[in-house]
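# Summary of structural features
Chain by chain, the residues:
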Amino acid sequence: MKRNSGAADASGNVAAKLVAALLLVAGVFLPAMASAEFTVSSSTLETGGRLKAAQVYYGFGCSGENISPQLSWQGAPEGTKSYAVVMHDPDAPTGSGWWHWVVFNIPASVTELPEGAGDPKSGLIPEAIQSRTDFGSPGYGGACPPQGHGDHRYQFKVFALKVEQLPLDENSPAAMVGYYINANKLAEAQLEVKYGRE
């Protein structure tokens, strides 16, 4: 009986040591994994908030300033070689939403777009390309939902990509860019705001 008791004690000690080792490993790696979450934030916009007049389109009956917001991101996965940024309104009455901003070939070393970077004349980043939106031209095109249509959601998405460049140019339509983004996506982060016109 004593031998069995000793064996049970030894077995219990092994199990306790194994649990302790697992807890130690979890304590080391779980915080690192949590901090590695890919996120996007903005000093211009608040998640779940509303677009300001500065980010509203100028034209189509809207009288905003058409200035793209500041965006920054962190926690991209290993293997990220470039980024793409889009702004999309899934509530536009088109059947496919509305593309307001499409930027790609942002180098992996860049983790921020300053306010106003959506103006193609501002010389955003030499390697980056801003292609055509659903307004028909490159660069940022602010919110301009139909009057009386209620609030629309405006989704700013940042994509971590596994390639340095997409084989596209400034004349590429947003749907084509979206296809290549999804084919090369490692991770995606989103910031969503709302805007409507009475």
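Residues numbered from 1 in each chain as written. Predicted model: local features only at pLDDT ≥ 70, side-chain atom pairs only at ≥ 80, totals over all residues. Heavy atoms only, no water.

### Focus on the overall build of the chain
If you tally the helices and strands in the chain, you get two helices and 10 strands. The order of helices and strands in the chain, counted from the N terminus, is α-β-β-β-β-β-β-β-β-β-α-β. The buried share among the 198 residues of the chain stands at 40%. As displayed, the chain has an accessible area near 10900 Å², and 54% of this comes from carbon and sulfur atoms. (Helix = DSSP H or I, 4+ residues; strand = E, 2+ residues; numbered from the N terminus. Buried < 20%, exposed > 50% of the residue type's maximum accessible area, 1.4 Å probe, protein only. Areas by Shrake-Rupley, 256 points an atom, 1.4 Å probe, with all protein chains shown as cover.)

### With respect to the nonpolar core
In a soluble, globular protein the nonpolar side chains are often hidden away together inside. Residues L51, W73, V85, W101, I106 and F156 are the most contacted members of the largest nonpolar core, which totals 35 residues. The set of elements that each furnish at least two residues to this core consists of β4 (71-74), β5 (82-89), β6 (98-107), β9 (152-161) and β10 (185-195). Sort the elements by how many residues they give to this core and β10 lands first, with five residues. Contacts of V85, omitting those with residues within four sequence positions, involve L71, W73, W101, V102, V103, I106, L113, K157 and V158. Formed by 12 residues, the second largest nonpolar core is a distinct cluster that contains V102, I129, L166 and A174. (Core = buried A, V, L, I, M, F, W, Y, C linked by side-chain atoms within 4.5 Å. Contact = heavy atoms within 4.5 Å.)

Function-wise, these values are silent; they only describe arrangement.
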